Amino acid sequence: MNNNARIQNLFKDFLKDCSMKKQKEEKVFNTDLTHKNGSSITDYSKYKYIFVGDNPGKSEKNANKYMVIDTNKLSSAGNNAHRFFEWLSIEETVLILNKSSIYTDTTVNLKKYKSNDVLKDNLEYMADLIFKLHKCLPACEVFITGLTGCYDPEDGWLEQKLNGGYRANQFMHPFWEKIIELYSTPENDTLREKIFITKHFAYWKIFDDIVWTKSNNINQVRITTGQRVTMKSLEITELEKTKLQTNIIESLKSLPYKNKLFGM
């Protein structure tokens, strides 16, 4: 079985999981994983990036897509993501998954599914799906966006309470634990080198850790003291776009969240 067939089987199983009846939670399948511009995807070799969001909201539910463009909103995680992809000229080479496929109005509402391991099972399923897709597309770079309450600048990742267990806002910890488990084995060292963690597209938090240097030198875009990068500043700058695109991606890849997650 070739990689295209393996990927198609992964998504068939995922669609089946999202379509199961007699479940309290509502799951959303991203149809962009199997169809683009009205045609079935039969060759996944062109894809270079896998971006991972949190979970589907109302717009995603209505469109059956993740990080969907919503023309009724001036700004949203989906609108921001696609604006960023377009600026990077990577729109056609991106596959989008989520940490959870369960629909809620806001991510924090996922907590109501913590009982009976519904949320845990879903988060682990999605982590496993991302990993298996990455194994089929080992040249892809995976960007997991959003720290989802599981990271604190002082305490780091998945800090437990003194009496054991996780804090209430760390309800998505099973996803991160599964990612650690899957990517930490020696045979997956090469894959782990291609996984990165950033803040979320919502409110342009993805740029929180990236700033211009005072000189605005194209070769000096890095995490340092200076002016915070914004999407608008990227779009209107007179600096050479190709070099700037590379530097922005490299700056995102250099963020410390991934190394701290894996204890590197």
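Anything mentioned here points back to the structure above.
From a predicted model like this one, the values you see are computed outputs, not experimental measurements.

A. Main features of the overall build of the protein. What the protein contains, in helices and strands, is nine helices and 10 strands. Against the compact-globule benchmark of 18 Å for 264 residues, the protein has a radius of gyration of 18 Å, which places it among compact chains. Restricting the contact set of the protein to residue pairs at least 6 apart, pairs at least 24 apart contribute 70%. Within the structure as shown, the protein displays about 13600 Å² of accessible surface, and the carbon and sulfur contribution to it stands at 47%.

B. View of the sheet that holds strand β5 (residues 141-145). Ordered in space as β4-β3-β5-β8, the four strands form an open sheet in which the pairing is parallel. Of all the strands in the sheet, the pair left with one neighbour each is β4 (94-98) and β8 (195-198). Pairs of neighbouring strands in the sheet enclose a mean axial angle of 20°, with direction left out of account. Bridge analysis of strand β3 (residues 49-53) against β4 gives five bridges, and the strand direction is parallel. Each residue of the ladder has a partner; that of Ile-50, found in β4, is Leu-95. Its contacts with the sheet put helix α5 (residues 173-183) on β3, β5 and β8, and the angle it makes with β5 is roughly 160°. Sheet strands in contact with helix α8 (residues 241-253) are β5 and β8, and its direction is about 65° off that of β5.

C. View of the side chain of Lys-178. As for its placement among the helices and strands, Lys-178 is situated in helix α5. Excluding anything up to four places from it in sequence, Lys-178 contacts Glu-124 and Ala-127.

D. Summary view of the pairing of β4. With respect to burial, β4 is a largely interior element, five of its five residues being buried. Neither face of β4 is left uncovered, since the one carrying Val-94, Ile-96 and Asn-98 and the one carrying Leu-95 and Leu-97 both have all their residues buried.

E. Expanded view of the nonpolar core. In this structure, Phe-84, Trp-157 and Tyr-183 are the most contacted members of the largest nonpolar core, which totals 79 residues. Tallying contributions element by element places helix α4 (residues 118-136) first for this core, with nine residues. Setting aside anything within four residues of it in sequence, one finds Tyr-183 in contact with Ile-130, Phe-131, His-134, Val-142, Asn-188, Leu-191, Arg-192, Ile-195 and Phe-262.

F. Summary view of the pattern of salt bridges. This structure, assessed with the given rule, holds 15 salt bridges. Between Asp-17 and Lys-27 there is a salt bridge, with its nearest N and O atoms 3.1 Å apart. Remark: Lys-27 occurs in the loop between α1 (3-19) and β1 (35-36) and Asp-17 occurs in helix α1; sequence separation between them is 10 residues. Accessibility assignment for this pair places Asp-17 and Lys-27 in one class, buried. Linking Asp-32 and Lys-65 is a salt bridge whose minimum nitrogen-to-oxygen distance equals 3.9 Å. Of this pair, Asp-32 sits in the loop between α1 and β1 while Lys-65 sits in the loop between α2 (58-63) and α3 (77-88), placing them 33 residues apart in sequence. The network of salt bridges with shared partners includes Asp-17, Glu-25 and Lys-27.

Cut-offs used in this document
Residues numbered from 1 in each chain as written. Predicted model: local features only at pLDDT ≥ 70, side-chain atom pairs only at ≥ 80, totals over all residues. Heavy atoms only, no water. Helix = DSSP H or I, 4+ residues; strand = E, 2+ residues; numbered from the N terminus. Rg over C-alpha atoms; globule rule 2.2 N^0.38 Å. Contact = heavy atoms within 4.5 Å. Areas by Shrake-Rupley, 256 points an atom, 1.4 Å probe, with all protein chains shown as cover. Pairing = 2+ DSSP bridges. Axes fitted to C-alpha atoms, helices over the stretch in contact; angles between N-to-C directions. Buried < 20%, exposed > 50% of the residue type's maximum accessible area, 1.4 Å probe, protein only. Core = buried A, V, L, I, M, F, W, Y, C linked by side-chain atoms within 4.5 Å. Salt bridge = Lys/Arg side-chain N within 4 Å of Asp/Glu carboxyl O.

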